[in-house]
Amino acid sequence: MDSSDGSQGMRISERMPDRDFYLDDDVVGISKRLLGMKIVSNTPEGICSGIITETEAYAGETDRASHAFGGRLTQRTEVMYREGGIAYVYLCYGLHSLLNVVTGPAGLPHAVLIRGIYPLEGAGIMAGRLKRSIDVRKDGLGPGKLTRLLGVGKSHNGADLRNPGLLWIEHSGLAITENMVISGPRIGIDYAGEDAMLPYRFLADVVQVEKAIKKAGLV
DNA sequence: AACAAGATTAACT
DNA sequence: GTTAATCTTGTTA
């Protein structure tokens, strides 16, 4: 197997998305393109990473489900208004840190919620955080669960995802095709009225992603 | 200053 | 299917 298919054989500049990747104002398009990319967390315990398998688009000021709906520019949403390519992390229900990718040019508060990953590196560290061994098919599914696995919290709010550092996203070399992806309405946003039925959720099939990962030699 | 709600999860019945 | 856990944020007074 030629390792240039995966990220291992690539130089950093080739692994990282183009500068324009996050600046696209089509947040739904970016949500789909993030599927199959690798998110990496560099913590005191070590490196943890996973392939992104589920995302949701939040379309700025016009989307009733978005924290920035109606132009709400508050202490919490301020990072959403910055230039795309950074993390927006907030605490939900007082318990769970939820991780978003801020997208679009500065002033356009678009964001993509990361709802699921397939754990790749750092399984032992993740198991420690879970206090039990991890099931790679299940334990990365859920926005509050993957942040726990990756050790992501509110200290990651505003982190630069475009360059290796604390938390970043890179190309994995995996090809997630449309036939592996289900789209549908977003989860847990009943308050959003008519916008609750927008098909802004994208879920890649775990089994097919796992197959692609093994074929590419990523594990 | 007070308060209601929340882009969830795990553990119940 | 129901519910508790848990606390920041944004809104209202």
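Thresholds applied
- Residues numbered from 1 in each chain as written.
- Chains lettered and ligands numbered in written order.
- Predicted model: local features only at pLDDT ≥ 70, side-chain atom pairs only at ≥ 80, totals over all residues.
- Heavy atoms only, no water.
- Helix = DSSP H or I, 4+ residues; strand = E, 2+ residues; numbered from the N terminus.
- Rg over C-alpha atoms; globule rule 2.2 N^0.38 Å.
- Buried < 20%, exposed > 50% of the residue type's maximum accessible area, 1.4 Å probe, protein only.
- Contact = heavy atoms within 4.5 Å.
- Areas by Shrake-Rupley, 256 points an atom, 1.4 Å probe, with all protein chains shown as cover.
- Axes fitted to C-alpha atoms, helices over the stretch in contact; angles between N-to-C directions.
- Nonpolar A, V, L, I, M, F, W, Y, C, P; charged D, E, K, R; others polar.
- Near = heavy atom within 4 Å.
- Polar contact = N/O pair within 3.5 Å; in protein donor to acceptor, adjacent residues only side chain to side chain.
- 1 Å grid on protein atoms, 1.4 Å probe; cavity = no way out; pocket = protein on both sides within 12 Å on 5 of 7 lines; lining within 4 Å.
- Points joined across faces, edges and corners; volume = space filled by probe spheres on them.
- Core = buried A, V, L, I, M, F, W, Y, C linked by side-chain atoms within 4.5 Å.
- Phe/Tyr/Trp six-rings, centres within 6.5 Å; stacked < 30°, edge-to-face > 60°.
- Lys NZ or Arg CZ within 6 Å of the ring centre and 35° of its normal.

Caption draft 1: The overall build of chain A, seen in detail. Looking only at helices and strands, one finds 5 helices and 8 strands in chain A. In sequence order, chain A lays out its α and β elements as α-α-β-β-β-β-β-α-α-β-β-β-α. Here the C-alpha radius of gyration of chain A, 16 Å, is about what a compact globule of 219 residues would show, namely 17 Å. Counting the 219 residues in chain A, one finds 53% classified as buried. Contacts spanning at least 24 positions in sequence make up 62% of the contacts within chain A whose residues lie at least 6 apart. Roughly 10,300 Å² of accessible area belongs to chain A as shown, and the carbon and sulfur atoms make up 52% of that amount.

Caption draft 2: Examining helix 2 (residues 27-34) more closely. Along helix 2, 6 of the 8 residues are buried, which leaves the element largely enclosed by surrounding structure. Along helix 2, the residues classified as buried are Val27, Val28, Gly29, Ile30, Ser31 and Leu34. In this fold, the buried residues of helix 2 make contact with strand 2 (46-59), strand 4 (96-103), strand 5 (110-119), strand 6 (167-170) and strand 8 (201-204). At the C-terminal side of helix 2, glycine 36 shows a positive phi close to 90°.

Caption draft 3: Summary view of the packing of helix 3 (residues 123-130) against helix 4 (residues 143-150). Packing of helix 3 against helix 4 leaves a shortest axis separation of 8 Å and a crossing angle of 115°. Contact residues: helix 3 offers Met126, Arg129 and Leu130, while helix 4 offers Arg148, Leu149 and Leu150. Of the residues belonging to the contact of helix 3 with helix 4, the class tally is 4 nonpolar, no polar and 2 charged.

Caption draft 4: Expanded view of the protein's contact with DNA strand C. Lining the immediate surroundings of DNA strand C are Arg72, Thr74, Arg76, Thr77, Leu91, Tyr93, Gly94 and Leu95. The sugar-phosphate backbone supplies 67% of the atoms of DNA strand C found within 4 Å of the protein. In this structure, arginine 76 approaches DNA strand C through a main-chain N or O atom, which is 3.4 Å from a phosphate oxygen. Within the backbone of tyrosine 93, a nitrogen or oxygen atom sits 2.3 Å from a base oxygen of DNA strand C. Its residues placed into classes, the surface near DNA strand C shows 3 nonpolar, 3 polar and 2 charged.

Caption draft 5: The arrangement of the layout of surface pockets in detail. Taken as a whole, the largest pocket holds about 380 Å³ of empty space. Along the walls of the largest pocket sit 21 residues, with Tyr58, Tyr90, Cys92, Leu98 and Gly188 positioned nearest its centre. Counting residues per element, the ones that place at least two in the lining of the largest pocket are strand 2, strand 3 (87-92), strand 4 and strand 5. Here the residues of the lining of the largest pocket are counted per class, giving 14 nonpolar, 5 polar and 2 charged. Estimates place the volume of the second largest pocket at around 210 Å³. Lining the second largest pocket are Lys32, Arg33, Leu35, Ile176, Thr177, Glu178, Val181, Ile182, Ser183 and Phe202. Taken together, the elements giving at least two residues each to the lining of the second largest pocket come down to helix 2 and strand 7 (181-184). Among the elements that line the lining of the second largest pocket, the one with the most residues is strand 7, at 3 residues.

Caption draft 6: Quick peek at the protein's contact with DNA strand B. Around DNA strand B, 20 residues are found, and the nearest of them are His67, Tyr90, His96, Asn100 and Tyr191. Backbone polar atom of proline 143 to a phosphate oxygen of DNA strand B: 3.1 Å apart, as the coordinates give it. Residues belonging to the surface near DNA strand B are distributed by class as follows: 11 nonpolar, 7 polar and 2 charged.

Caption draft 7: Looking closely at the nonpolar core. Grouped together as the largest cluster of nonpolar side chains are 34 residues, with contacts concentrated most on Leu34, Ile39, Val101, Ile114, Leu150 and Ile169. For this core, the elements supplying multiple residues, two or more each, are helix 2, strand 2, strand 3, strand 4, strand 5, helix 3, helix 4 and strand 6. Other than its neighbours up to four places away in sequence, isoleucine 39 contacts Cys48, Ser49, Gly50, Ile52, Leu99, Ile117, Leu150, Leu167, Trp168 and Ile169. Membership of the second largest hydrophobic core comes to 17 residues, among which are Ala65, Ile86, Tyr90 and Cys92.

Caption draft 8: Highlighting the packing of aromatic side chains. Inspection of every chain in the model, using the stated rule, returns 2 aromatic pairs. Ring centres of tyrosine 88 and tyrosine 90 lie 5.4 Å apart, and the angle between their planes is 25°; on these two criteria the pair is classed as stacked. When its relative accessible area of 14% is taken as the criterion, tyrosine 90 is described as buried. Its end group placed over the ring of tyrosine 90, arginine 76 keeps NZ or CZ at 5.4 Å from the ring centre. Positioned over the ring face of tyrosine 58 is arginine 186, at 4.8 Å from the centre of the ring.

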